[in-house]
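Analysis of the macromolecular model
Read off the chains here:
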Amino acid sequence: MNDPFWLIAIKGTLLFVVLVLLVLFSIWFERRVVAVMQVRPGPNRNGPFGLLQSLADGLKLAFKEDTTPRTADRWVYLLAPVIAVTCAFTAFAVIPFGPEVTMFGRETMLQLTDFEVSVLLVLATSALGVYGLVLAGWSSGSSYSLLGSLRAAAQVISYEIALALAVLAVFFQSQLMSTGAIVEAQAEPVDMNFFGAEVALPGWYFLVLFPSFVIFVIAMVGETNRAPFDLPEAESELVSGFATEYSSLKYASFFLAEYVNMVAMSALCVTLFLGGWAAPFPDSWWPAANEGWLPLVWFFGKVIAFMFVYVWLRGTLPRFRYDQFMRLGWKVLVPASLIWILALAAINLGIVAEEQSTRIALIGGALVLVVAAFMFWPSRKPYEPPAEPDAGLGGYPVPPLDLSVPPNPRSLTELEQRDPTPAVEGKEED
Amino acid sequence: MIADLAQSVSTGEAVAFWILAPLALIGAVGLVMARSAIHGALMLALTMICLAVFYIMQSAPFLGFVQIMVYTGAIMMLFLFVLMLFGRDSRDSMFETLRGQRFFAAVLAIGLVGLLAAGLGHAVTGLTIADGPPTATGAAAGDSNVAAIAESLFTTYIFPFEVVSGVLTVAAVGALMFAHVARKGAARGQKEASRERFAPGNYPGPRPGPGVFATSDSTATPALLPDGSIAGESLSEHVPARELTAAETAPKHTEGKDLHR
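All chains use their own residue numbering, which begins from 1 and follows the written sequence. Chain labels run from A onward and ligand labels from 1 onward, assigned in the order the entries are written. Local features in this predicted model are restricted to residues of pLDDT 70 or higher, and side-chain atom pairs are both shown and tallied only at a pLDDT of 80 or more, whereas totals for entire chains, interfaces and linings draw on every residue. By convention in this description, side-chain values take in all heavy atoms of the structure and omit both hydrogens and water.

As a further point, take the overall build of chain A. Helix and strand assignments come from DSSP, with helices taken as H or I runs of at least 4 residues and strands as E runs of at least 2, each series counted from the N terminus. Along chain A, the regular secondary structure elements total 15 helices and 4 strands. Any two residues whose heavy atoms approach within 4.5 Å are treated as being in contact. Within chain A, counting contacts between residues at least 6 apart in sequence, those at least 24 apart form 74% of the total. With an accessible surface of roughly 22500 Å², chain A has 67% of that area assigned to carbon and sulfur atoms. Residue exposure ignores everything except the shown protein chains as possible cover, and the areas themselves are Shrake-Rupley values with a 1.4 Å probe.

Next up, the structure:
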């Protein structure tokens, strides 16, 4: 990473432009895919296939009136969207988009910067990005906003633990903490010896570390506040959560930050678990597939596949209740990650062990631990059918058929004063 | 000696230092001066981020990012979480609960400043300027920052490390013990909640939301067609028809212009 200053500036600008375009695309993509799932056309008026719809929406949003509530804490109110957007964009500085290419006559990596612990940068920016949501809710001076921001704070702290534990397994396996090096480490196939037959499995970590991959994907949806975990902005409970009091460009910033975060988490997942920019087939099939600018296709293809997963979840799953959501985070994801990391450490130690007996003890112990965790996982109380049959209709509670409706207290006095006339027939002739 | 140090750093490092050091100081002073607790917490977060960047500049990227993730991301966020629950208008009480506490606080503060200055001066004197970035020393350190930290954490300082983790676990479990409240009776399931909801004497449906101009939320109130007449399908055969006054059935003139009359 010894680029001159002008090249870094060009790469940074390109990155910004690509991200904004990707956000515009992914809003359109989300609306079209959800529309297909709900059997309706979706946006199809502006531009080919409605592609310019999100651009039109963005322009419209920018020209709306910018309001500040009277009870708002002005400086923090202004600062919150800035924090959210800045942190969202910063995470992309370390994502490797491709191998070394020639750009303006210089050999350079398709990555803004990389250093020894660059994966931690993404985690740090996602931890700081929550400040935007939390401060937005607090500074608005509205109860809905405050509730939304409290939920955002609790949610991100809880799910960040599961996320970090999943990433830890990748650090463990690769013994690296740099995004570029992790992508290169996954290019090495894993040689497995199945009863004498040598099989070269792809080295992508979603195969080797499958439990971590599953936990990462779940935690990543929680971390980005997306359905079914979009509790901070649950529109049926909190209007729009932390963003209730925002309008115009400030609201648009939160929208932008949410989508950039989605893309960033998808990109991080692709980098850590799906081989980054590597082509999704063995090198020998098409050796030129992993050289030059072509890996951009594989990278963005994988990212868009993840965006589809996000949309798919939103289109099919109802929102979690808050206590269920917290229970999933603390009582399932975190303990499962811890057990898996313990087992992984034992297996890794066992594979390199010199003696046969040590090897068997470590690997066998790890397997026993995992199986025991599966079997003795404290489950819910099983359903017990009630002793006496339910009085309701077919076991379901229904209102009693002799339901007597209390009269409207407002018209009670009027009813007493008037003589009863058949109301229904009389009114229909009007 | 300070002048020598200033000459040894690169331009980029000097620029970053002169931007971030005032910011860190503003954050530290602002933490003490801020009237609102949230503003104080934000100032502290600013100082912590500046310190993290200093760590990264001093070739300790792992420490810097862990500082951001753990202190700024998790611990300050928990502080904010608690402070937000206190309400926006809460201010510090300036009432002295201990007699003469300001005097003793001043004496102790001066003493602390003296101690810190002496300790820092003792540590800094006789330092030499190294060529290039510092490299880790030790048996298996190599040139990796993370490996060097892990090496010293899990060999030299393993006992303090274990003690600290034990103390932290005890503290967390103790906090849980204090905060834990035993549930009175069994948890109410969905079935019980539903039965209670439809029990005689309880209104089963949701109340109309604020801002809904309904004359009644009764299930017996019939729906009205656009011309004001009653929609027959909206009447249940099990529920007796309710009296509506002429004022209630009349069109509400909500459109501004009534076309039906």
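Here the focus is the nonpolar core. In this structure, F92, L120, Y131, F216, F254, L272 and F273 of chain A are the most contacted members of the largest nonpolar core, which totals 122 residues. Broken down by element, the residue count for this core peaks at 15 residues, all from helix α5 (residues 143–174) of chain A. Beyond its immediate chain neighbours, meaning those up to four positions away, L272 of chain A contacts V119, V167, V170, I182, Q186, Y205 and F216 of chain A. Counting 6 residues, the second-largest nonpolar core is a separate cluster that includes L20, A21, A24 and C50 of chain B. The definition of a nonpolar core used throughout is a set of buried Ala, Val, Leu, Ile, Met, Phe, Trp, Tyr and Cys residues joined through side-chain atoms within 4.5 Å. Residue exposure (1.4 Å probe, protein chains only): buried if accessible area is under 20% of the type maximum, exposed if over 50%, otherwise partly exposed.

Residue and element names in this part refer to chain A. Residues at a pLDDT of 70 or more form 87% of chain A, whose mean pLDDT is 81. Mean pLDDT across the elements of chain A ranges from a minimum in helix α15 (residues 423–428), with 46, to a maximum in helix α8 (residues 210–223), with 90. As a per-residue measure, pLDDT reflects the predictor's confidence and takes values from 0 up to 100. Across residues 422–430, confidence stays below pLDDT 50; counting only partners more than four residues off in sequence or on other chains, it has 11 contacts.

With that settled, consider the packing of α5 of chain A against helix α10 (residues 248–273) of chain A. All names here are of chain A. Two numbers describe how α5 lies on α10: the axes approach to 10 Å, and their chain directions differ by 30°. With respect to α10, the axis of α5 lies roughly parallel. Seen from above, α5 lies across α10 with left-handed handedness. The segment α5 lies against α10, with L163, A166, V167 and V170 engaging M265, L272 and F273. Of the residues in the contact of α5 with α10, the class split is 7 nonpolar, no polar and no charged. Every axis in this analysis is a line fitted to C-alpha atoms, fitted for helices over the stretch in contact. Angles between the N-to-C directions lie between 0 and 180 degrees. Put simply, angles under 35 degrees are roughly parallel, angles over 145 are roughly antiparallel, angles from 65 to 115 are roughly perpendicular, and the rest are oblique. In this scheme the handedness of a crossing depends on how the near helix is turned from the far one: anticlockwise by less than a right angle means left-handed, clockwise means right-handed. When residues are grouped by polarity, Ala, Val, Leu, Ile, Met, Phe, Trp, Tyr, Cys and Pro land in nonpolar, Asp, Glu, Lys and Arg in charged, and all others, Gly among them, in polar.

A few words on unusual backbone geometry. All names here are of chain A. Although it is not a glycine, V39 sits at a positive phi angle of roughly 55°. Tracing the sequence through the fold places V39 in the loop between α1 (5–37) and α2 (53–62). Within the chain, Q175 stands out as a residue other than glycine whose phi angle is a positive 60°. Within the secondary structure layout, Q175 lies in the loop between α5 and α6 (179–187).

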